[in-house]
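Structural overview
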Amino acid sequence: MTDEALMNANAGPYEGLSREDCRTRILEDLAAVGDLVETKDHEMAIGRCQRSDDIVEPRLKTQWFIDVKPMAGKAMQAVRERRTRFVPERFEKVFFDWLENIYDWNVSRQLWWGHRIPAWYCPDGHVTVSDVETGPGRCVECRSFELTQDEDTFDTWFSSGLWPFSTLGWPEQSPDLRMYYPTQVMETAHDIIFFWVARMMMFGEWLMDEQPFSVVYLSGLIRDPYGKKMSKTKGNVVDPLEIMDEIGADALRFALVNGAAPGADFRPTPSRLDGARNFANKLWNAARFVIGAKPDELPDKMALSLPDKERLGPAEHWILSRCHAACRDADEAYANYQFAEATRILHAATWSESCDWYLALAKVRLRPEVDPATRAATWQVLAWVLDRYLRMLHPVMPHITEEIWGRLPHRPDDGDLLITAAWPVDANLKSEADEEQATAVADILELVSQMRNARADAGIEPATWLEAELRFEASGHAEVFEAIADAVSRLAHVRPTVVPIGSRADDASALVVVSPGAEARLSVSAEDRERDRARLERELAETEKLLAATQAKLANEGFVSKAPAQVVEGVRAKEAELLELAARIRENLGR
């Protein structure tokens, strides 16, 4: 057959026919001379083009191959010497499996576009390979001037494998090549480790004598709601532009980063996308409140700074402590390429601690009747914390954070844009918070959460005000509570009275709530108490069920002897936790 898929001269009378017409003619000719015994259908697998659905029939043709085993050896050596590492590390095995079993690479492709194979042929069939872009002047064997370049192109992955340095001016030693090669991080999906990552590693080591990057970060694939790989041919592609029109670019970015660990595939379900959009809205609305709550006493063109420490209240110490810890932990997650963990930390810190808790605590100190110095100090802390979180979220949500940050006070050394501002985490930077006061506030807020849960479980309306006796184990907790009592009262919807920790409880029907270092007794009706008793009985039954399963596991000699020591210790710690929880529930039921 010819390159145009027509029968050639060797086909005799069928020369010039297409393969389909040729087959029909052969059957007709066989029947005409009486040599056709019968025809019948056969089921068989026929290869078809994925895009056009045309039947694909293999045809042997001269191809160019590259002996890549020496290249593969250099690439594997870079990984073994830890000059290049994979995140997650488990994909190194995939990398080595491919390269340790590699074959010669067929790089010839019959495509319209691509890098032409740099080989020229003379009329006698001699081959001349040249690195001159316009081709060699003559054949290296017969010295003929009549040369025709090979019509094939290089495999797309061959051209892509040159990307780390060919885009920087190579083979010339350009300033860009000297500056940016090798680079630091290569990010791609895990399904093209061999097709692209391995090829870049091989070419970089072979042609540049140095690995092209230090870290290969492998993300997961974005799959459709049924877990299938997205494909234009299948028609199951989700258009990111449509999602951005609906929820915004930053929300989509956050959903993708927050949704999956390194190397794990991700399904952009409506609940995930809605959650990301809601987070962006929460951040925007919190920023609007902070900007709008700025006291008139503060100048318009003020620098970002914290107030004097004596102006800080317990709530301010708590949020500064939590902000310092969240930024530190998120920074560590970023540094270890745990981007989903970084966004989880920042989401919890921004939404729950800053927006839900601290804004409610700060509103009390921002009221008009509060002295101006306290109001100013509170607002400075609000702005400081918001600034920290905007800087930390900026890599994931660049647009909304840039817009909000531009409306806040800045540090003297900041530029005009958040993208060029300093990273907020410094190893030498210490927390400005008083940790004792911060711990006390954390315990009190945990008590508030427990009181809310107890009220809900007892069926008490959230708007109903309850009398509450509060007991604190540490005297410092009581002092801290007095400073934030008004805010706690509003958050828990109780009228609190602080009593000594060892005092006798007069109300035997009260709901008892316990948190670290604190206890609350909520005065309720007998009916409410009975509903709460049913809740406690359900909790005890569930706890005892979990405890029995845990103890059964520890009683299994096979598990204890064969499981890793840290796993066994974790189960033992779980048993101790469940025993303590069951004892506390029984104590409350006995009151």
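Residues numbered from 1 in each chain as written. Predicted model: local features only at pLDDT ≥ 70, side-chain atom pairs only at ≥ 80, totals over all residues. Heavy atoms only, no water.

A short note on helix H8 (residues 240-247)
- Measuring from the backbone nitrogen of Leu241 back to the side-chain oxygen at the start of H8 gives 3.0 Å, which picks out Asp239 as the cap.
- Looking one or two places after H8, you find Gly248, whose phi comes out positive at around 100°. (Polar contact = N/O pair within 3.5 Å; in protein donor to acceptor, adjacent residues only side chain to side chain. Helix = DSSP H or I, 4+ residues; strand = E, 2+ residues; numbered from the N terminus.)

Description of a negative patch on the surface
- Taken together, the side chains of Asp239, Glu242, Asp245 and Glu246 define an acidic patch exposed on the protein surface.
- For Asp245, the location among the structural elements is in helix H8.
- Look at Asp245 and you get exposed, because its relative accessible area is 72%. (Patch = residues over 30% accessible without salt bridge, like charges linked within 9 Å, V, L, I, M, F, W, Y side chains within 5 Å. Areas by Shrake-Rupley, 256 points an atom, 1.4 Å probe, with all protein chains shown as cover. Salt bridge = Lys/Arg side-chain N within 4 Å of Asp/Glu carboxyl O. Lys, Arg positive; Asp, Glu negative; His and termini not counted. Charge placed at Lys NZ, Arg CZ, Asp CG, Glu CD. Buried < 20%, exposed > 50% of the residue type's maximum accessible area, 1.4 Å probe, protein only.)

Observations regarding the environment of Ile66
- Along the chain, the position of Ile66 falls in strand S1 (residues 65-66).
- Classification of Ile66 as buried rests on a relative accessible area of 18%.
- When near neighbours in sequence (up to four residues on either side) are disregarded, Ile66 contacts Met71, Asp104, Trp105, Val107 and Phe158. (Contact = heavy atoms within 4.5 Å.)

Let's talk about the pattern of salt bridges
- The full count for this structure, using the stated rule, is 33 salt bridges.
- Linking Asp3 and Arg59 is a salt bridge whose minimum nitrogen-to-oxygen distance equals 3.0 Å. One end of the pair, Asp3, is in the segment before helix H1 (19-32); the other, Arg59, is in the loop between H1 and S1, and 56 residues separate them in sequence.
- Residue Asp3 is classed as exposed on the basis of its relative accessible area, which comes to 57%.

Some points on a nonpolar patch on the surface
- A contiguous nonpolar surface patch, about 270 Å² in accessible area, is contributed by Ile26, Leu27, Leu30 and Leu36.
- Assignment of secondary structure puts Ile26 in helix H1.
- Given a relative accessible area of 33%, Ile26 falls into the partly exposed group.

So, the sheet that holds strand S6 (residues 127-129)
- Ordered in space as S6-S5-S7, the three strands form an open sheet in which the pairing is antiparallel. The open sheet has two free edges, formed respectively by S6 and strand S7 (148-149), since each of these has just one partner strand. (Pairing = 2+ DSSP bridges.)

What to know about the packing of aromatic side chains
- This model, assessed by the stated rule, comprises 21 aromatic pairs.
- Summarising the aromatic geometry, the rings of Trp98 and Phe195 are spaced 6.3 Å apart at their centres and angled 55° between planes, so their arrangement reads as tilted. Separated by 97 residues along the polypeptide, Trp98 in helix H3 (residues 91-100) and Phe195 in helix H7 (residues 193-208) bring together distant segments of the chain.
- Counting every residue linked through ring pairs, the aromatic cluster contains Tyr217, Tyr334, Tyr337, Phe339 and Trp423.
- Above the face of the Phe559 ring, Lys553 is positioned so that its terminal group lies 5.6 Å from the ring centre. (Phe/Tyr/Trp six-rings, centres within 6.5 Å; stacked < 30°, edge-to-face > 60°. Lys NZ or Arg CZ within 6 Å of the ring centre and 35° of its normal.)

Quick word on unusual backbone geometry
- Of note, the bond from Val87 into Pro88 is cis; its omega dihedral lies within 30 degrees of zero at 0°.
- Counting through the fold element by element, Pro88 comes out in the loop between strand S2 (85-87) and H3.
- Of the consecutive residues Trp170 and Pro171, the connecting peptide bond is found in the cis state with omega at 15°.
- Relative to the assigned elements, Pro171 resides in the loop between helix H5 (163-166) and helix H6 (175-180).
- Even without a glycine there, the phi angle at Arg82 is positive, about 65°.
- With respect to the helices and strands, Arg82 occurs in the loop between helix H2 (69-80) and S2.

Focus: the packing of helix H12 (residues 339-365) against helix H16 (residues 475-492)
- Where H12 contacts H16, the two axes come as close as 9 Å, and the packing angle between them is 130°. The angle between the axes of H12 and H16 places the two elements in the oblique class. By crossing handedness, the relation of H12 to H16 is classed as right-handed. Between H12 and H16, the contacting residues are Trp357, Ala360, Leu361 and Val364 on the first element and Asp486, Ala487 and Leu491 on the second.
- Residue composition of the contact of H12 with H16, by class: six nonpolar, no polar and one charged. (Axes fitted to C-alpha atoms, helices over the stretch in contact; angles between N-to-C directions. Parallel < 35°, antiparallel > 145°, perpendicular 65-115°, else oblique. Left-handed = near helix turned anticlockwise from the far one by under 90°. Nonpolar A, V, L, I, M, F, W, Y, C, P; charged D, E, K, R; others polar.)

Quick look at the nonpolar core
- Tyr358 and Met451 are the most contacted members of the largest nonpolar core, which has 92 residues in total.
- Once residues within four sequence positions are removed from consideration, Met451 is found in contact with Leu470, Ala492, Val494, Val513, Ala520 and Leu522.
- By size, the runner-up hydrophobic cluster in this structure holds 40 residues, among which are Ile66, Ala119, Phe154 and Leu168. (Core = buried A, V, L, I, M, F, W, Y, C linked by side-chain atoms within 4.5 Å.)

Digging into the pairing of strand S13 (residues 511-515)
- In terms of burial, S13 is largely enclosed, as four of its five residues are buried.
- Sheet topology places S13 next to strand S14 (residues 518-522); five bridges connect them, and they run antiparallel. What sits directly across from Ser515, in S14, is Ala518.
- The antiparallel hairpin formed by S13 and S14 contains two residues in its connecting segment, where Gly517 sits at a positive phi of about 80°.

Re the packing of helix H9 (residues 249-258) against helix H14 (residues 398-405)
- With their axes 7 Å apart at the nearest point, H9 and H14 run at an angle of 125° to one another. Classified by the interaxial angle, the pair formed by H9 and H14 is oblique. Each of Ala249, Asp250 and Arg253 in H9 lies in contact with H14, whose residues at this interface are Pro398, His399, Ile400 and Thr401.
- When the residues that make up the contact of H9 with H14 are grouped by side-chain class, the tally is three nonpolar, two polar and two charged.

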